[in-house]
Every structure is written in C-alpha cells, then in structure tokens.
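Structure assessment
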Amino acid sequence: PGLAAGAASPAATNDSALTALPARPLDPIAIARLTRAEGAIVLRGTYRITTRRQGVYGDDRCNSLAATIAWNQSAVDTILVDAAAATFRFATRPSLAGTVQSAGVFSSQPIASEKDGTRTTYRLQGQLTPWGFEATSDTRSESTIRWRNTMRCEFVASLSGERLR
C-alpha cells in the first residue's frame, strides 16, 4: 500500500516512538482480490495488537480462571512472512505461525502444550482490514483436577492489529 501525499516514509519514522503511519488504507475491494502471496506481503509488518475478552465457555470454574488473565492488553509485534509459501509467523512467538489464504484471510496452525497436567491448544484466525487486521483467538484447556475430575475451558478473544509500519 502506498503512502498518502505528504506522509512520512517508513524509513523516516522513529523506531523508538512506534506510532501508526498515516498510510493510505487498503480499499476493502482490493483486499477481497488479494492472492495468497499478495495477502502475505500485505500482512508483513509491525502492529500494535490489542486483545479483548470475547467469551469464556465450559466448566463453571472457567470464569474464575479467566479472571486471572490480563485482558484489554496491547503489545507491539512484528509479523514475518514468506510470500512465496504464503506463510507467516510472529517475531516474538515463532510457534505462532500459519498460512495466508486469498482475500487476506489467515489462520495459524494449532499450538499445543502441556504443563502441570493441563493440556492447552491455541489457534488464531484473522482477516486483513484497511488499517491492519482483525482476528479471533481460541484457547482451549483441559485440566485433570482432584479425584479425576476434568475441567474444560475455552477462552475466546478478539485481536485488533493496527499497522505501525
């Protein structure tokens, strides 16, 4: 995407003060026409990502567990891509990687982990927008607690990625 008239070039921005570039947004029709490789190229960049709680599902005890999660948090991360393979990964979380489809749709491979008897899977699905991306994360956990009782929870969050550069 090109820069608006009079906008600072990415090279001219101050890396220590990450602010959104006044870049011309992508037209939604142009996003809908992106090939996989073009979508990967557009997805590449640095974003301010804000995570918001969307829902907690499962066992009654899941809400008390969700209360310990820091919601409405923002962080800056860079998405790295291989345009030829139409794949992406997050710089700070290399295991968070996946594929880019046509029309700017992307999804991660499920990330599975196990710690202290809790099995967790995480998946991210998103869509490019004129100013960055919107995505939904789905975290599912299963814990065996006392007397072989199992607690199953699903935590759904929305992520808004505002392109910085």
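To be clear, the structure that these remarks concern was listed above.
Let us look at the structure shown here. (Residues numbered from 1 in each chain as written. Predicted model: local features only at pLDDT ≥ 70, side-chain atom pairs only at ≥ 80, totals over all residues. Heavy atoms only, no water.)

Evaluation of the coordinates by the stated rule reveals one disulfide. Disulfide pairing places cysteine 62 opposite cysteine 153 at an S-S distance of 2.0 Å. Around the S-S axis, the bridge from cysteine 62 to cysteine 153 shows a dihedral of about -90° and counts as left-handed. Here cysteine 153 lies in strand S9 (residues 149-163) and cysteine 62 lies in helix H3 (residues 62-66), a separation of 91 residues in the sequence. (Disulfide = S-S within 2.5 Å. Helix = DSSP H or I, 4+ residues; strand = E, 2+ residues; numbered from the N terminus.)

What follows covers the pairing of strand S7 (residues 118-129). Alignment of strand S5 (residues 105-108) against S7, held across three bridges, turns out to be antiparallel. Paired with phenylalanine 106 across the strands is glycine 126, a residue of S7. Here five bridges tie strand S6 (residues 111-115) to S7, and the two strands are oriented antiparallel to one another. Looking at the pairing, alanine 112 lines up with threonine 121 of S7. Connecting S6 to the antiparallel partner S7 that follows it, the hairpin turn spans two residues, and aspartate 116 within it adopts a positive phi of roughly 50°. With twelve bridges connecting them, S7 and strand S8 (residues 132-145) associate as antiparallel partners. Each residue of the ladder has a partner; that of threonine 129, found in S8, is glycine 132. (Pairing = 2+ DSSP bridges.)

Attention shifts here to the nonpolar core. Formed by 23 residues in total, the largest nonpolar core has its most connected members in Leu43, Ile79, Phe88, Phe90, Phe106, Leu124 and Phe133. Of all elements in the fold, only helix H2 (36-43), strand S1 (45-58), strand S2 (73-82), strand S3 (87-90), S7 and S8 reach the threshold of two or more residues within this core. Beyond its immediate stretch of four places on either side in the chain, phenylalanine 106 contacts Leu43, Phe88, Thr99, Val100, Leu124, Gln125, Gly126, Gln127, Leu128, Phe133 and Ala135. Counting eight residues, the second largest nonpolar core, distinct from the first, contains Val56, Cys62, Ala66 and Phe155. (Core = buried A, V, L, I, M, F, W, Y, C linked by side-chain atoms within 4.5 Å. Buried < 20%, exposed > 50% of the residue type's maximum accessible area, 1.4 Å probe, protein only. Contact = heavy atoms within 4.5 Å.)

Not every positive phi belongs to a glycine, and alanine 86 is a case in point at roughly 55°. One can find alanine 86 in the loop between S2 and S3.

Within H2, the full set of buried residues consists of Gly39, Ala40, Val42 and Leu43. The arc that holds the buried residues of H2, viewed along the axis, is 165°, so those residues lie on one side. Note on H2: the residue one or two positions beyond its end, glycine 45, has a positive phi of about 155°. (Arc of directions from axis to C-beta.)

To continue, consider the packing of aromatic side chains. Inspection of the entire model under this criterion finds four aromatic pairs. A centroid spacing of 5.6 Å and a plane angle of 85° characterise the contact between phenylalanine 106 and phenylalanine 133, whose relative ring orientation is edge-to-face. One end of the pair, phenylalanine 106, is in strand S5; the other, phenylalanine 133, is in strand S8, and 27 residues separate them in sequence. Neither residue differs from the other here; phenylalanine 106 and phenylalanine 133 are each classed as buried. (Phe/Tyr/Trp six-rings, centres within 6.5 Å; stacked < 30°, edge-to-face > 60°.)

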